[in-house]
Amino acid sequence: MSDSPLKQGGARRRITVLGAGAWGSAVAIALAQRHDVLLWGRNGAVMAEMAAARDNLAYLPGCPFPPALAVGADFAAALAHAHGPGALLVAACPVAGLRPLLEQLKGRAIPNIVWLCKGFEYDTGLLPHQIVQQVLGGAVPGGALSGPSFAQEVARGLPCALTIASDSAALREDVVAAVHGGNIRVYASTDLVGVEVGGAVKNVLAIATGVADGLGLGLNARAALITRGLAEITRLGSTLGGQVETFMGLTGMGDLILTCTGDLSRNRRVGLGLAQGKPLATIVGELGHVAEGVPCAKAVRELARKLGVDMPITNAVAGVLFDGDLPQAMVARLLARDPRDEMAAGAAK
């Protein structure tokens, strides 16, 4: 992760956020403090209600929209809004919705594309930047904006730090200039793979931590899971071409700690529900939001098997989610693993 000086601040920009869930709404609210932002959602009736209430009552209640935040369901108008110097187009959909959204953008004149989703595409095992490359090609500058950030806290204006990862230096500078300021600090990175792998796999590990917490295994077990989970992220990410330093930063260790320990974490809440013996369908229904760690666990397990990467915690979580394993059996299986040298166990394989 680079901490070199970049442009920041400057004139108001025109920014469109495509996706009106909790995180998309939070980013739109934060950016509308300094820029002209349009928040787009596909459901016209829902967006009309949002416009009237000046609040996302379904996904982010109690976080009023600033005056500079417009909302709407007209896709063409949303794209037209993002024009002029420093304009940004932000995709705020889940990983499952990224490809369909990009297909809508294909062939249109867009300034760039910045995505907020964290995960692997479930049927292909592709990271978001690979999906963007596959659908849009290399003509449109793109990047991942990621890091330890709960939507409710960002919308309330509480401090957070994020990373923009992109191959385009110009896009990195534009995102820093637009987003860095107030209570949001933005770092820049060229390591798209590392940033995306950290953001994806930490959700799976948060489920494991939620299970351990729900079973009352204590803080020692939580610390062990987080630490060994970081080793899993590093093994997979390094194998895919990510930089080890990235996994020690905001989008690796930082996001992992937040998601594994924060009460606002959806994925941790999935683990807590599993420990209580609730069926997965019931847990997901009660959340009312997407928990990316659930489908990601299956995608990561398959990818790790294909690459020959040892990921015991991820495998154990996938076993509980999809194979009918009991949470107690998951813990017992992890504890029964043969002892290993810690540094060797953390190396990429």
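Residues numbered from 1 in each chain as written. Predicted model: local features only at pLDDT ≥ 70, side-chain atom pairs only at ≥ 80, totals over all residues. Heavy atoms only, no water.

1. A closer look at the overall build of the protein
Our working definition: Put simply, DSSP marks the helices as runs of H or I at least four residues long and the strands as runs of E at least two long, and each gets a number from the N terminus on. For a compact globule the rule gives 2.2 Å times the number of residues to the power 0.38, and the radius of gyration it is set against comes from C-alpha atoms. Whether two residues are in contact is decided by their heavy atoms: any pair within 4.5 Å suffices.
A tally of regular secondary structure across the protein gives 17 helices and 8 strands. For a compact globule of 349 residues, the expected C-alpha radius of gyration is about 20 Å, and the protein comes in at 20 Å, within 12% of that figure. With respect to the principal axes defined by its C-alpha atoms, the protein has extents near 60 × 40 × 35 Å. By sequence separation, contacts in the protein at least 24 residues apart represent 72% of the contacts at least 6 residues apart.

2. Here's the deal with the domain arrangement of the protein
For interface size, the figure often reported is the accessible area lost on association. Rule in force here: The start and end points of each domain follow an automatic or database-based domain assignment. Once two parts are joined, some of their accessible surface, as seen by a 1.4 Å probe, is lost; buried area is that loss totalled over both. For salt bridges, the criterion is a side-chain nitrogen of Lys or Arg within 4 Å of an Asp or Glu carboxyl oxygen. Definition of a polar contact: a pair of N or O atoms within 3.5 Å, with one able to donate and the other able to accept a hydrogen when the atoms are protein atoms, and with sequence-neighbouring residues admitted only if both atoms are side-chain atoms.
According to the domain assignment, the protein consists of domain 1 (14-190) and domain 2 (196-336). The straight-line distance from the C-alpha centre of domain 1 to that of domain 2 is 25 Å. Counting residues at the interface gives 27 residues for domain 1 and 28 residues for domain 2. Buried area between domain 1 and domain 2, both sides added, is near 2000 Å², and the carbon and sulfur share of it is 69%. Looking only at domain 1, the three residues that lose the most surface to domain 2 are Lys118, Phe120 and Phe150, adding up to 34% of its buried area. In this assembly, domain 1 and domain 2 are joined by 1 salt bridge. The tally of links from domain 1 across to domain 2 stands at 5 residue pairs in polar contact (both at pLDDT 80 or more). Elements supplying a minimum of two residues to the side of domain 1 that touches domain 2: helix 5 (128-136), strand 6 (142-146), helix 6 (151-155) and strand 7 (160-165).

3. What to know about the sheet that holds strand 7
Selection criterion: When DSSP locates at least two bridges between a pair of strands, those strands are taken to pair. Angles run from 0 to 180 degrees between N-to-C directions of axes, and those axes are lines fitted to C-alpha atoms, restricted for helices to the stretch in contact.
Read across the sheet, 8 strands follow the order 3-2-1-4-5-6-7-8 without closing on themselves; strand pairing throughout is mixed. A single partner strand is all that each edge strand has here, and the edge strands are strand 3 (69-72) and strand 8 (184-189). With strand direction ignored, the average angle separating the axes of adjacent strands in the sheet is 25°. Along the sheet, helix 7 (residues 169-179) contacts strand 1 (14-18), strand 4 (88-91), strand 5 (113-115), strand 6, strand 7 and strand 8; its crossing angle with strand 8, the most-contacted strand, is approximately 175°.

4. As for the UniProt feature "binding site: substrate" (unreviewed entry) in the protein
What counts, and what does not: UniProt positions are given in the numbering used here, feature names are shortened, and annotations may be inferred rather than shown by experiment. Here the term buried applies to any residue with accessible area under 20% of the maximum for its type, exposed to any over 50%, and partly exposed to those in between, with areas from a 1.4 Å probe on protein chains only.
The UniProt record annotates "binding site: substrate" (unreviewed entry) at Lys118, Arg266 and Asn267. Across 150 residues in sequence, these annotated residues keep their C-alpha atoms within 13.2 Å of one another, forming a single compact spot. Along the chain, the position of Lys118 falls in the loop between strand 5 and helix 5. The class of Lys118 is buried, set by a relative accessible area of 14%. Discounting chain neighbours no more than four positions away, the residues touching Lys118 are Val95, Ser146, Gly147, Ser149, Gly199, Ala200, Lys202, Asn203, Asp255 and Glu292. Side-chain polar atoms of Lys118 contact the backbone oxygen of Gly147, separated by 2.9 Å. Counting through the fold element by element, Asn267 comes out in helix 12 (residues 266-275).

5. Points about unusual backbone geometry
Residue Arg54 is not a glycine yet carries a positive backbone phi of 55°. Structurally, Arg54 can be placed in the loop between helix 2 (44-53) and strand 3. Given the relative accessible area of 26%, Arg54 is considered partly exposed.

6. Description of helix 14 (residues 293-307)
To be explicit about the condition: By this rule the span expected of a helix is its residue count minus one, scaled by 1.5 Å.
With 15 residues, helix 14 should cover 21 Å at 1.5 Å per step; its first-to-last C-alpha distance of 20 Å lies within 8% of that length. Buried residues of helix 14: Gly293, Val294, Cys296, Ala297, Ala299, Val300, Arg301, Leu303 and Ala304, and no others.

7. Let's talk about the pairing of strand 8
What counts, and what does not: Whether a crossover is right-handed depends on one test, that the path from the first strand over the helix to the second runs clockwise when the strands point away from the viewer.
Extensive coverage of strand 8 is indicated by the burial of 5 of its 6 residues. Pairing analysis gives 6 bridges linking strand 7 to strand 8, with the strands arranged parallel. Paired with Thr163 across the bridge in strand 8 is Tyr187. Taking the sense of rotation as the criterion, the β-α-β connection linking strand 7, helix 7 and strand 8 turns out right-handed.

8. Here's the deal with the side chain of Asn267
Asn267 gets classed as buried once you look at its relative accessible area, which sits at 6%. Ignoring any residue separated from it by four or fewer positions in sequence, one finds Asn267 in contact with Asn203, Ala206, Ile207, Thr259, Ala291, Glu292, Gly293 and Val294.

9. Things to note about the pattern of salt bridges
Within the structure shown, the criterion is met by 12 salt bridges. Between Asp263 and Arg268 there is a salt bridge whose closest N-O contact spans 3.3 Å. Asp263 sits in the exposed class, given a relative accessible area of 61%. In this structure Arg268 comes out as buried when scored by relative accessible area, which is 7%. Lys278 is the salt-bridge partner of Glu286, the closest N and O atoms lying 3.1 Å from each other. It is possible to trace a salt-bridge network through shared partners that takes in Asp213, Arg222, Asp263 and Arg268.

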